[in-house]
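# Secondary and tertiary structure notes
Residue strings, one per chain:
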Amino acid sequence: RQDLGQLERGPLDATVRLGSDGVEVVPARAGAALDEDELVSAVREALTAEGEDRAVTTELAVVEPEIPTSVSEGWEFSRMGSFTSEFPGGPANEDRSHNIRTAIRHLNGDVVMPGEQFSLAAALSPVTPEEGYREAPIIVDGRLVMGLGGGLSQVSTTVFNAAWFSGVQLDAHTPHSFYIPRYPAGREATIVIPGLDNQWTNDTDTPVVIRTWVSGQEIFMEFLGDRQYTVETVEGPRQNIQEPERIEDDSPECVTQVASPGFTIYVARILSRGGEAVHRDEYTTTYIPEDEVVCSH
């Protein structure tokens, strides 16, 4: 069985990849499999046979792919939606910026087939030093502390907004505990691997390809596929404002924080087709105050 198994191969569905000139179709390929039951029966008969009857022949069965190349003829690709996110630079943020660039390399060219769910945690895992990730500030219980993969939430927020404006199905995301001014209020997403994921589903009939890159201190991201909807964003006023406190910390692990008030905000995404609204996503987010932390160690 081990030797004969080398003759088999699984089928490959038609898919796409990100090429230098845009999205390229990768044709499907049929697979080949042995009919084990028929082959075993034939060998058993040959064991007691004589002469030429001791030779057994078999044929490989063709295994067709679930997505043949013909399906790709209906795929059309254009920019469904995009988002740009600016991140802080300089020597103090060197490790954080490094994590962002590492994550973007993992994401660029990712393909999400029709009906498939995208998981940012799966795309970026494992978050380990061996994969190139470094320690940088992360939020734990309302305070910034050093942790592996700090900065990945900026990538997560970029993914969430690219999905938002592309009109794909939003499945799961978690806002930060306190508001970070460089992100759109009520429309941002943290990520903790394992623990908190950022997920969306390609609910179109065409693959979605993620194209993303870093230029200077900005993340650029766009989804390429078949845009189904016009996207409108509704944002309410900031309510229930809560003022932050000032904390002095002389511990060696202290990470400086800039004060930011807490508040509650409502945002909605309205998807329209042919001028008529067909779907509405609504989110109410409450941010705790970000206390000012002065490190005196």
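Reading the values: rules and limits
- Residues numbered from 1 in each chain as written.
- Predicted model: local features only at pLDDT ≥ 70, side-chain atom pairs only at ≥ 80, totals over all residues.
- Heavy atoms only, no water.
- Salt bridge = Lys/Arg side-chain N within 4 Å of Asp/Glu carboxyl O.
- Helix = DSSP H or I, 4+ residues; strand = E, 2+ residues; numbered from the N terminus.
- Buried < 20%, exposed > 50% of the residue type's maximum accessible area, 1.4 Å probe, protein only.
- Disulfide = S-S within 2.5 Å.
- Pairing = 2+ DSSP bridges.
- Axes fitted to C-alpha atoms, helices over the stretch in contact; angles between N-to-C directions.
- Contact = heavy atoms within 4.5 Å.
- Lys, Arg positive; Asp, Glu negative; His and termini not counted.
- Polar contact = N/O pair within 3.5 Å; in protein donor to acceptor, adjacent residues only side chain to side chain.

## Focus on the pattern of salt bridges
Scanning the model with the defined rule gives nine salt bridges in all. Among the ionic pairs, Arg 79 bridges to Glu 222, the shortest N-O distance being 3.6 Å. Residue Arg 79 is located in strand 5 (residues 78–86), and its partner Glu 222 is located in strand 13 (residues 218–225); the two are separated by 143 residues in the primary sequence. Between Arg 246 and Glu 248 there is a salt bridge, with the nearest N and O atoms lying 3.0 Å from each other. Here Arg 246 and Glu 248 have matching classes, each one exposed.

## A look at the state of the cysteines
This structure, assessed with the given rule, holds one disulfide. Across the disulfide, Cys 254 is cross-linked to Cys 295 (sulfur-sulfur distance 2.0 Å). Disulfide Cys 254-Cys 295: torsion about the S-S bond near -75°, hence left-handed. Of this pair, Cys 254 sits in the loop between strand 16 (246–249) and strand 17 (262–273) while Cys 295 sits in strand 19 (residues 292–295), and the two are 41 residues apart along the sequence. Given the relative accessible area of 15%, Cys 254 is considered buried. Judged by relative accessible area, which is 29%, Cys 295 ranks as partly exposed.

## What to know about the pairing of strand 13
In terms of residue burial, strand 13 counts as a mostly covered element, since six of its eight residues are buried. As paired elements, strand 5 and strand 13 share eight bridges and run antiparallel to each other. When the sheet's bridge partners are listed, Ser 85 is paired in strand 13 with Ile 219. Connecting strand 12 (residues 208–215) to the antiparallel partner strand 13 that follows it, the hairpin turn spans two residues, and Gly 216 within it adopts a positive phi of roughly 65°.

## Here we look at the sheet that holds strand 10 (residues 169–172)
The antiparallel open sheet is built from three strands, whose spatial order is 7-11-10. Looking at which strands have only one partner, the edges of the open sheet turn out to be strand 7 (117–119) and strand 10. Each neighbouring strand pair of the sheet contributes to a mean axis angle of 25°, computed without reference to strand direction. Where helix 4 (residues 152–166) meets the sheet, its contacts fall on strand 7, strand 10 and strand 11 (199–201), and the angle it forms with strand 10 comes to roughly 145°.

## Section: the side chain of Glu 188
Within the fold, Glu 188 resides in the loop between strand 10 and strand 11. This buried residue, Glu 188, is left without a salt bridge; Arg 182 holds the nearest opposite charge, at 9.4 Å. Among the polar contacts made by the side chain of Glu 188, one reaches the side chain of His 176 at a distance of 2.4 Å. Among the polar contacts made by the side chain of Glu 188, one reaches the side chain of Tyr 287 at a distance of 2.7 Å. Excluding its chain neighbours within four sequence positions, the residues that come into contact with Glu 188 are Thr 157, Phe 160, His 173, Thr 174, Pro 175, His 176, Tyr 183 and Tyr 287.

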